[in-house]
Amino acid sequence: MKIIKQTHNPLLGRYQVELEYEHFQQPVPKATEVLKEAAGILKASPETMKVKYIYAGYGEGKSRAVVYVYDTAEAFSKIEVFRKKVKKKDEKPAAKKET
């Protein structure tokens, strides 16, 4: 894995890093794998990182990943909002009695 481009966005308090991941004759890496390796290369905590995109080239054995590395955990929690879907309980209407 190598860094292609790294830019700092002071307004959002994060670095936008573009990485190249080689995986010859392997499936496209999962976001968790990319996150672990990127944390090692960038020397950052995985709790303040987010893999935004993974672009795979067909037949190349290379993928590009865009990773956001936040300066603080507070900046991460303000911008990256995780929305969990709330399951609705299906209430069956009362059975109608025929008269």
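To keep things clear, this report deals only with the structure shown in the data block.

### Let's talk about the nonpolar core
Nonpolar side chains in soluble globular proteins tend to be buried together.
Alright, step 1. Membership of the largest hydrophobic core is limited to 11 residues, which are V17, L19, V34, L35, A38, A39, M49, V51, A65, V67 and V69.
Alright, step 2. Of all elements in the fold, only β2 (14–22), α1 (31–42), β3 (49–56) and β4 (62–70) reach the threshold of two or more residues within this core.
Alright, step 3. At four residues, the largest contribution of residues to this core is made by α1.
Alright, step 4. Setting aside its immediate chain neighbours within four residues, L35 contacts P46, M49, K50 and V51.
Alright, step 5. Within the second largest apolar cluster, five residues are counted, among which are V66, Y68, A75 and F76.

### Some thoughts on the packing of aromatic side chains
Alright, step 1. One pass over the full model with this rule turns up two aromatic pairs.
Alright, step 2. Between Y70 and F76 the ring centres are 5.4 Å apart and the planes differ by 75°, which places this aromatic pair in the edge-to-face class. Judged on exposure class, the residue Y70 and its partner F76 are both buried.
Alright, step 3. Between R14 and the ring centre of Y68, over which it is positioned, the NZ or CZ distance is 3.8 Å.

How each quantity is defined
- Residues numbered from 1 in each chain as written.
- Predicted model: local features only at pLDDT ≥ 70, side-chain atom pairs only at ≥ 80, totals over all residues.
- Heavy atoms only, no water.
- Core = buried A, V, L, I, M, F, W, Y, C linked by side-chain atoms within 4.5 Å.
- Buried < 20%, exposed > 50% of the residue type's maximum accessible area, 1.4 Å probe, protein only.
- Helix = DSSP H or I, 4+ residues; strand = E, 2+ residues; numbered from the N terminus.
- Contact = heavy atoms within 4.5 Å.
- Phe/Tyr/Trp six-rings, centres within 6.5 Å; stacked < 30°, edge-to-face > 60°.
- Lys NZ or Arg CZ within 6 Å of the ring centre and 35° of its normal.

What is shown is where atoms sit, not what they do.
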